[in-house]
Amino acid sequence: MDGGGTNDIPLDPSFFVDAEPSQSGGAYPNHPPPAQNPSFVRDPSQPHPPQPIHPSQQGGPSQPQPYALGNATPPEKLVPELQFARCMSTRYKPDPFPRCVSCTRRWAGDTCRFQGIRFFLRDAERRVLGISFVDSQSAESPNMKFPNTWNVPLDPRHIRRVKYTVAKALLPTLNSEQKHLRLPEVVRRPRETEVRATCDTCMTSIFACSWMCRICGREACEECFRQVQDLTHPTRALTATGEKKMHSNPFFLSCTKRQEHARRDFSPVSRFCSDELEAVVREMEQLHMEENRAAGHPVDAYSSWTAHDRIEAMSSLSESIMTTTETSSIRTSPDRTASPMSPDSRVERLDSRELSAEASSPPSPIFMPVTSVSLPHPVAARYGDPLDPAQVPSHPYYVFDRTISDAEFQPLWALGEVVVVTGLLNDFSIHWTPEYFIEHFEQSKCLILECHTDENKSTTVGEFFSEFGMYATRTKCWKLKDWPPSSDFKTTFPDLYEDFTGAVPVPNYTRRDGILNIASHFPINTIAPDIGPKMYNAFASSEMPGAKGSTRLHMDMADAVNIMLYSANRPDGGEGMAAWDIFRAEDTYKIRRFLHKYFKGQFINDPIHSQTFYLDVHLRRQLFDEFGVSSWRLYQRPGDAVFIPAGCAHQVVNLADCIKVACDFVSPENVDRCTSLTREFREQNQTQTWKEDVLQLSAMLWYCWLNLCRVENVLSQEER
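Predicted model only: the values in this text are computed from it and were never measured.

About the criteria used
Residues numbered from 1 in each chain as written. Predicted model: local features only at pLDDT ≥ 70, side-chain atom pairs only at ≥ 80, totals over all residues. Heavy atoms only, no water. Pairing = 2+ DSSP bridges. Helix = DSSP H or I, 4+ residues; strand = E, 2+ residues; numbered from the N terminus. Axes fitted to C-alpha atoms, helices over the stretch in contact; angles between N-to-C directions. Contact = heavy atoms within 4.5 Å. Core = buried A, V, L, I, M, F, W, Y, C linked by side-chain atoms within 4.5 Å. Buried < 20%, exposed > 50% of the residue type's maximum accessible area, 1.4 Å probe, protein only. 1 Å grid on protein atoms, 1.4 Å probe; cavity = no way out; pocket = protein on both sides within 12 Å on 5 of 7 lines; lining within 4 Å. Points joined across faces, edges and corners; volume = space filled by probe spheres on them. Nonpolar A, V, L, I, M, F, W, Y, C, P; charged D, E, K, R; others polar. Polar contact = N/O pair within 3.5 Å; in protein donor to acceptor, adjacent residues only side chain to side chain. Phe/Tyr/Trp six-rings, centres within 6.5 Å; stacked < 30°, edge-to-face > 60°. Lys NZ or Arg CZ within 6 Å of the ring centre and 35° of its normal.

### A closer look at the sheet that holds strand S16 (residues 551-554)
Next up, step 1: Read across the sheet, four strands follow the order S16-S21-S18-S19 without closing on themselves; strand pairing throughout is antiparallel. Since the sheet does not close on itself, it has two edges, and those belong to S16 and strand S19 (632-636), each with one partner. With direction set aside, neighbouring strand axes in the sheet form an average angle of 15°.
Next up, step 2: Across two bridges, the pairing between S16 and strand S21 (residues 650-654) is antiparallel.

### A few points about the side chain of Asn707
Next up, step 1: Looking at where Asn707 falls in the secondary structure, it is placed in helix H16 (residues 697-719).
Next up, step 2: Those residues in contact with Asn707, other than ones at most four positions away along the chain, are Phe146, Pro147, Trp150 and His521.

### Considering the nonpolar core
Next up, step 1: Core analysis: the biggest nonpolar cluster contains 130 residues, and Leu174, Trp432, Phe437, Ile563 and Phe643 have the highest contact counts within it.
Next up, step 2: A total of 12 residues in this core trace back to one element, the largest contributor, which is H16.
Next up, step 3: Apart from the residues within four sequence positions on either side, Leu174 is in contact with Phe207, Phe272, Leu277, Val280, Val281, Met284 and Trp702.
Next up, step 4: Core analysis: the next-biggest nonpolar cluster, separate from the first, contains 18 residues, Phe97, Cys103, Phe119 and Val128 among them.

### Regarding the layout of surface pockets
Next up, step 1: What the largest pocket holds in volume is close to 1200 Å³.
Next up, step 2: Around the largest pocket, the lining is made up of 42 residues, and of these Lys481, Asp482, Tyr536, His554 and Asp556 lie nearest the centre.
Next up, step 3: Every element with two or more residues in the lining of the largest pocket is listed here: strand S12 (445-450), strand S14 (478-483), strand S15 (534-538), S16, strand S17 (559-567), S21 and strand S22 (658-665).
Next up, step 4: In the lining of the largest pocket, the residues fall into 20 nonpolar, nine polar and 13 charged.

### Brief notes about the pairing of S12
Next up, step 1: A one-sided burial pattern is seen for S12, the buried positions being Cys446, Ile448 and Glu450 and the unburied ones Lys445, Leu447 and Leu449.
Next up, step 2: Strand direction decides the pairing type here: S12 and strand S13 (residues 456-460), joined by five bridges, are antiparallel. Looking across to S13, one finds that Leu447 is bridged to Ser458.
Next up, step 3: Linking S12 to S13, which pair antiparallel, is a turn of five residues; within it Asp454 sits at a positive phi near 70°.
Next up, step 4: Examined bridge by bridge, S12 and S14 share two bridges and lie antiparallel to one another.

### What about the side chain of Asn517?
Next up, step 1: If you trace the backbone, Asn517 turns up in the loop between helix H12 (507-510) and S15.
Next up, step 2: Among the polar contacts listed, one links the side chain of Asn517 to the backbone oxygen of Arg511, at a separation of 3.0 Å.
Next up, step 3: Not counting chain neighbours up to four residues away, the residues in contact with Asn517 comprise Asn508, Tyr509, Thr510, Arg511, Arg512, Ile531, Phe665 and Val666.

### Here we look at the packing of aromatic side chains
Next up, step 1: Enumeration over the complete set of coordinates arrives at 36 aromatic pairs.
Next up, step 2: Centre to centre, the rings of Phe464 and Phe468 are 5.6 Å apart; their planes meet at 75°, and the pair counts as edge-to-face.
Next up, step 3: With a relative accessible area of 2%, Phe464 lands in the buried category.
Next up, step 4: Judged by its relative accessible area of 8%, Phe468 is buried.
Next up, step 5: When the ring centre of Phe97 is taken as origin, the NZ or CZ atom of Arg99, which lies over that ring, is 4.0 Å away.

### Overview of the environment of Cys451
Next up, step 1: Relative to the helices and strands, Cys451 resides in the loop between S12 and S13.
Next up, step 2: For Cys451, a relative accessible area of 3% gives the class buried.
Next up, step 3: When sequence neighbours within four positions are dropped, the list of residues in contact with Cys451 reads Cys477, Trp478, Lys479, Lys548, Gly549, Ser550 and Arg552.

### Some remarks on the sheet that holds strand S6 (residues 219-220)
Next up, step 1: The strand order across the open sheet built from four strands is S4-S7-S5-S6, with neighbouring strands paired in mixed fashion. Of all strands in the sheet, those bounded by a partner on one side alone are strand S4 (187-188) and S6.
Next up, step 2: The sheet strands contacting helix H2 (residues 156-181) are S4, strand S5 (210-213) and strand S7 (266-270), and the helix crosses S7 at an angle near 130°.

### Section: unusual backbone geometry
Next up, step 1: Residue Pro484 is bonded to the preceding Trp483 through a cis peptide linkage, with omega at 0°.
Next up, step 2: Cis geometry is adopted by the peptide bond preceding Pro533, which originates at Gly532 and carries an omega value of 10°.
Next up, step 3: The topology assignment puts Pro533 in the loop between H12 and S15.
Next up, step 4: Non-glycine residue Arg126 carries a positive phi angle of around 70°.
Next up, step 5: Looking at where Arg126 falls in the secondary structure, it is placed in the loop between strand S2 (118-122) and strand S3 (128-133).
Next up, step 6: Relative accessible area serves as the criterion here: at 44%, Arg126 is assigned to the partly exposed category.
Next up, step 7: A positive phi angle, close to 70°, is found at Arg402, a residue other than glycine.

Structure, rendered in structure tokens:
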């Protein structure tokens, strides 16, 4: 290395090897007791000497100081060498340093935790006497291959609207990361492109404020690290023992050689460049203030709006919504249409100025977030559904015939309303029928699941689809869900992907490259969020007492649209369809109380996220009678697209054999809901490793911001 003088050697105060064993019982048996010196860690590639950290500047958990080497080689004689291969590489076989958990356990799909960020300090005989870590990081923008084309060209109005949404959602996290970067001995690592970086305890994606064990490389999010701090603190020794045993995650607190982690084993980790982070925070704060002033709100905006302000905004928007949805109707049952909303049936709306954004010059392009208000159901929607055996009141929902514009969709979506678009079959060029899949994928292997018992078996696509419409001899209800299960739909079914992309309604939101889909900015050289599309193919099921329907009660991590493309006739010869129950987000608490009351002990942690229950006829009626909760009860036929807002619990029962395709998307209107769901799923993973955070919402928002700034610069240069 150039300029490797005496002061250029990085010292990790956690660890020197080949010295006297520690008397304090540290996590690695060969490190000596600390010396009383100020600590520092730096990248040896930098030409200037390290700057000591004064004890008064050190915050967070206490960190060990640099170690005296006794008769060992003085630090100024050690040569740093970056670890550029995996821990288990033959190159490092004779070296006595700790291997990371990924290498020792040979986890498929994972990468070495230390490769590219750890330095070995070698003496003249090539012995490893110490270890340090990279402490500088360059801006990541040049390393990421961002998308540069969308379904339609980006314009400044779209850019500014989405940037404001991102800034509002991400600023608190980035402010926390700025504080995190000021902690002593921060380890810097580039953001991963080959794997999803997730917390090893709760499986939440790692974005900011994380901590890494210097011994085994396990990484913990901020919340899980606080648990490590709490459970290993000396004053908690007695009470924490039981909590450790209760934790079902086998990796929690475990380190190498059957030893548990201690707080001293961890160092703060950052994937940010300090200069880039500070510049982004300044720009976000400036945008936030400008938008609030343009909208006539105080600088702190949303926290200062009173309930009266929100109700007034809601009232002023009610009539505007109806004037912008002249092509729509409010459906209350399969054969009935209700009159437009009365004042008594109003739900909280957005500021009406947003509906005329295109005609204004220019108003704030941002929708005002609002809180939920429980209001009575419209009278026209209460009873009379001939297909609902429970005879439970239903919320009205908006139906559009074949097309729906952004101006029609946006205000409804911002309110958390369910939207249905009908008559889409003619927009597809491929007939998505059982015969098509038998012809093209007959011998493809697949795994199908029994809807009521969770039994699964392996079969072929041809065998599964050949039974569609054959009710007479059927004894089980099978479904082929999330197909293809792991591979990308676009890669596996390119023709079907293009057909779906060209026909899906509200393409600015729902297409993978939609200009208002925040996920459309994810770099193409990273592991992108798994947002589909996916196919959901299932036999007819039942909603009678004890039945489990076709899809049990659950929530998706993001917004979703589901399109039915084929249905056989029902067993009685009637028109094929699927019955959906979609519950308002504000009713989630009551639904959980209901399930806790009647199914205590039959689920782990969360009764909705566990996807254990289907609310059959009796349970739906009971839920309404006792808690006043009803659903949007709607019936999906071939050619119908159902839009499900993030945060709305929902369930489905196929009344006939059906073929559907669905995709997720992340809309500016529902980023807050997606954030809340990410937290809920993390809590679920605390007691049961349940679901990886495939959405990566924080990283998605960050990349969206960086890419939009890049596009803004390009557009600015083109105008010159």
